[in-house]
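# Residue-level structure breakdown
If you want the building blocks of each chain, they are given just below.
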Amino acid sequence: MRTICFAIAGLSALLCSTSVFAADLAAQAVEPVPPVMTPYNWSGPYVGLHAGYGWGRENDDQSRLFPPISTTPTPAADKFDLSGFIGGAHAGYNYQINDFVIGVEGDIDYSNLNGSAHAIYNGNIARTLKLKTEWQGSARARLGYAFDNILIYATGGLALANAKLSTAGAGSSNTHVGWTVGLGAEYAFTQNWIGRLEVRYSDFNKKSYATPDGRVKADWNQTTVTAGISYKF
């Protein structure tokens, strides 16, 4: 009988030690290692779409076509405001060096910026001089600083724009060459999709237009604000 008691006691001790050992193993389970977050890399090509609004000022020399009557100057449309929609497509390439990002970008836009002003012809006939730009484009350099997936940048380069100047229902078209500078910000939602907001100032050189009243030289400047989306490859 004593032998059986000793056997039972030994078996109980063995079972207890096994349970403690198993509990120790469970308590020492290895915690999962969190994934390593790598900074966003802005390097690579991208394409996208953008749209927004623009406004500016046209300047011309129409007044030389209307000599003053007596001592009273003749009203002329030598300057007037422009405004309208602008939107199109852009494409470019970025290269990141540490936190700095350099790149090139081009865009082509449909434009509806337009404006007009009235002038007096031969003393009593009202004329309306109108300028409208229907397409624009640019080729620019970009320099930015990255805060992980946020990029703040400056941009500038060559700008081109078509415009039509008309009066009395007739006129002519020209392609203007100019320059453009601006600031922008981009936010990478994912590795591929990027949102943007950009403000640019552009200035286009003077061109000579044929009108029913004679040749008029005109130029203009503009400010545009656009928002867009890009896909980075």
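Before reading further, recall that the structure is shown in the block above.
Residues numbered from 1 in each chain as written. Predicted model: local features only at pLDDT ≥ 70, side-chain atom pairs only at ≥ 80, totals over all residues. Heavy atoms only, no water.

### Observations regarding the nonpolar core
We count it as follows: Here, the term nonpolar core denotes a set of buried Ala, Val, Leu, Ile, Met, Phe, Trp, Tyr and Cys residues that are joined through side-chain atoms within 4.5 Å. Exposed residues in this analysis have more than 50% of their type's maximum accessible area, buried residues have under 20%, and partly exposed residues fall in between, with area computed by a 1.4 Å probe over protein chains only. Only DSSP runs of H or I reaching four residues or more are called helices, and only runs of E reaching two or more are called strands; each is numbered from the N terminus. Contacts: residue pairs with any heavy atoms within 4.5 Å of one another.
One finds F80, L131, L165 and W220 to be the most contacted residues of the largest nonpolar core, which totals 18 residues. Looking at this core, the elements that each hand over two or more residues are β2 (79–97), β3 (100–121), β4 (125–147), β5 (150–167), β7 (193–211) and β8 (214–232). Take this core: its biggest share by element is four residues, from β5. Beyond its immediate chain neighbours, meaning those up to four positions away, F80 contacts G56, R57, E58, D60, G115, S116, A117, L129, K130 and L131. Ranked by size, the runner-up nonpolar core spans eight residues in total, among them W42, L151, Y153 and A188.

### Description of the packing of aromatic side chains
Rules: Centres within 6.5 Å make a pair out of two Phe, Tyr or Trp rings, where for Trp the six-membered ring is used; the pair is then stacked when the planes are under 30 degrees apart, edge-to-face when over 60, and tilted otherwise. Whether a charge lies above a ring is judged from NZ of Lys or CZ of Arg, which has to be within 6 Å of the ring centre and within 35 degrees of the ring normal.
Applying the stated criterion to the full structure yields ten aromatic pairs. The interplanar angle of 75° and the centroid separation of 4.9 Å between the aromatic rings of Y40 and W42 together place this pair among those described as edge-to-face. Pairwise contacts between aromatic rings join F100, Y145 and F147 into one cluster. When the ring centre of Y153 is taken as origin, the NZ or CZ atom of R142, which lies over that ring, is 4.3 Å away.

### Describing unusual backbone geometry
Only a minority of non-glycine residues have a phi that is not negative, and only a minority of peptide bonds are not trans. Its identity as a non-glycine residue notwithstanding, N98 has a phi of 55°, on the positive side. Among the structural elements, N98 can be located in the loop between β2 and β3. Phi is positive for D148, which is not a glycine, with a value near 60°. As for its placement among the helices and strands, D148 is situated in the loop between β4 and β5. Taking the relative accessible area as the measure of exposure, D148 reaches 43% and is therefore partly exposed.

### Comments concerning the pairing of β8
This is how the line gets drawn: If DSSP finds at least two bridges between two strands, the strands pair.
Where strand β1 (residues 44–60) and β8 come together, 15 bridges link them in antiparallel fashion. Counted as the bridge partner of Y46 is K232 from β8. Alignment of β7 against β8, held across 17 bridges, turns out to be antiparallel. Looking at β8, one finds that Y209 is bridged to V216.

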